[in-house]
Structure formats: structure tokens, C-alpha cells
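Descriptive structure summary
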Amino acid sequence: AWTQPWLGKRSTALPAIAVAMVWQGLGTYVILFLAGLQKIPASFYESAQLDGADAWQQFRHVTMPLLWDVVQVLVILWIIGSVQAFALIFVITRGYPNVTEVIGTYLYWAGFQGQSIGYASAMGVVMFLLVLTFSLLVKRLMRRETVEY
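Fair warning: this is a prediction, and the values are worked out from it, not measured in the lab. (Residues numbered from 1 in each chain as written. Predicted model: local features only at pLDDT ≥ 70, side-chain atom pairs only at ≥ 80, totals over all residues. Heavy atoms only, no water.)

1. Points about the overall build of the protein
- A tally of helices and strands in the protein yields six helices and zero strands.
- When the helices and strands of the protein are read in sequence order from the N terminus, they spell out α-α-α-α-α-α.
- The C-alpha atoms of the protein give a radius of gyration of 21 Å, which is well past the 15 Å a tight globule of 149 residues would have.
- Based on the C-alpha atoms only, the size of the protein along its principal axes is roughly 65 × 45 × 20 Å.
- Of the contacts made within the protein by residues no fewer than 6 positions apart, 58% connect residues no fewer than 24 positions apart.
- Split by element, the accessible area of the protein, about 10,700 Å² in all, is 67% carbon and sulfur. (Helix = DSSP H or I, 4+ residues; strand = E, 2+ residues; numbered from the N terminus. Rg over C-alpha atoms; globule rule 2.2 N^0.38 Å. Contact = heavy atoms within 4.5 Å. Areas by Shrake-Rupley, 256 points an atom, 1.4 Å probe, with all protein chains shown as cover.)

In C-alpha cells:
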């Protein structure tokens, strides 16, 4: 009675795959974020403490400005990874149509199962242009003055 067909039900298949995708990519994001944190000199935090900054003010005025470039890269990687969901979905569910349909699985079914190679190629180009557009938009929206230390 406790078992659930997580990948077999329409309402739970995509959330279950989303959890798997988060688990799959979490290590990369954490390592990059920790590398950015280790790059910040401890003297900045000591200086902020001497100036009377509490933990929130240190985070807001020291950590975030110095990590902003890392956050920007992580958001762009997240956009690219969300479009590349095909591999995980195909391995888990074989891209069963109408249950776990995303752009990548639809492209696969159209190109290889439906024999519409031209249509699938056009969808691949559109996917590339969407990723490029969203990445440039994020880069522009998250643009800030560079901080050197």
C-alpha cells in the first residue's frame, strides 16, 4: 500500500524526474559555489566585523557582490541543463510520450521514430537559439560592475 508508481502516473512522473535532475546537478552547483566562497579573502569579513556589520550585512555587502559572477554562471548552466533534460528522462522512462514529454524527447521521437529528420533538425536549431537568447538575456539582466580584489 505504501508503494507508488512515481514514473507511471501522469501527475507524478515529471516531479519525480525533476527531483532526480536536482539531485544529479546539485553537486556541481555546490562545488562551484564553494569555490567562489573560498576565493573571497577572510580580511574582507574581518574588516566588515570591525565596521560593525552583522552576518546579514556581511552576506549582503561582502559575499553577494563578490559571488555575483559565480551566481551568473550558475544560472546560465541551469538554463542549459534544463534544456538538456533529454538524457535523464530517456534513461529513466525511455521518453514515454505524453507522460514525460519535454522538448528533447519530442525532438527524438520526431526525428528517429517519426522519420522527420528535417523537422527534428529545425527544432534543434530553435532549441539552440532559445538557449542562446535566454543565456544572453540572463547575462544582460544580471550584469553588474565588476569587483576586483
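After that view, the rundown keeps rolling.
2. Side note on unusual backbone geometry
- With a phi close to 60°, Gln 115 is a non-glycine residue in the positive phi region.
- Tracing the backbone through its elements, the reader meets Gln 115 in the loop between helix H5 (103–113) and helix H6 (117–141).

3. Concerning the packing of helix H3 (residues 55–83) against H6
- Taken N-terminus to C-terminus, the directions of H3 and H6 make an angle of 160°; their axes are 10 Å apart at the nearest point. With respect to H6, the element H3 is oriented roughly antiparallel. The way H3 lies across H6 gives a crossing that is right-handed. Contacts between H3 and H6 involve Gln 72, Val 75, Ile 76, Ile 79, Ile 80 and Val 83 on the former and, on the latter, Met 127, Val 131, Phe 134, Ser 135, Val 138 and Lys 139.
- When the residues that make up the contact of H3 with H6 are grouped by side-chain class, the tally is nine nonpolar, two polar and one charged. (Axes fitted to C-alpha atoms, helices over the stretch in contact; angles between N-to-C directions. Parallel < 35°, antiparallel > 145°, perpendicular 65-115°, else oblique. Left-handed = near helix turned anticlockwise from the far one by under 90°. Nonpolar A, V, L, I, M, F, W, Y, C, P; charged D, E, K, R; others polar.)

4. Here we look at the layout of surface pockets
- Of the voids in this model, the largest pocket is the one considered here, and its volume is about 610 Å³.
- Forming the walls of the largest pocket are 25 residues, and the residues nearest its centre are Met 21, Tyr 29, Trp 78, Gly 81 and Ser 82.
- A total of 10 residues in the lining of the largest pocket trace back to one element, the largest contributor, which is helix H1 (residues 13–39).
- The residue inventory of the lining of the largest pocket, partitioned by class, reads 18 nonpolar, seven polar and no charged. (1 Å grid on protein atoms, 1.4 Å probe; cavity = no way out; pocket = protein on both sides within 12 Å on 5 of 7 lines; lining within 4 Å. Points joined across faces, edges and corners; volume = space filled by probe spheres on them.)

5. Quick word on the packing of aromatic side chains
- One pass over the full model with this rule turns up seven aromatic pairs.
- Between Tyr 108 and Trp 109, the ring centres sit 5.7 Å apart and the planes meet at 75°, which makes this aromatic pair edge-to-face.
- A relative accessible area of 26% places Trp 109 in the partly exposed class.
- Joined through ring pairs, the aromatic side chains of Phe 86, Phe 90, Tyr 108, Trp 109 and Phe 112 make up one cluster. (Phe/Tyr/Trp six-rings, centres within 6.5 Å; stacked < 30°, edge-to-face > 60°. Buried < 20%, exposed > 50% of the residue type's maximum accessible area, 1.4 Å probe, protein only.)

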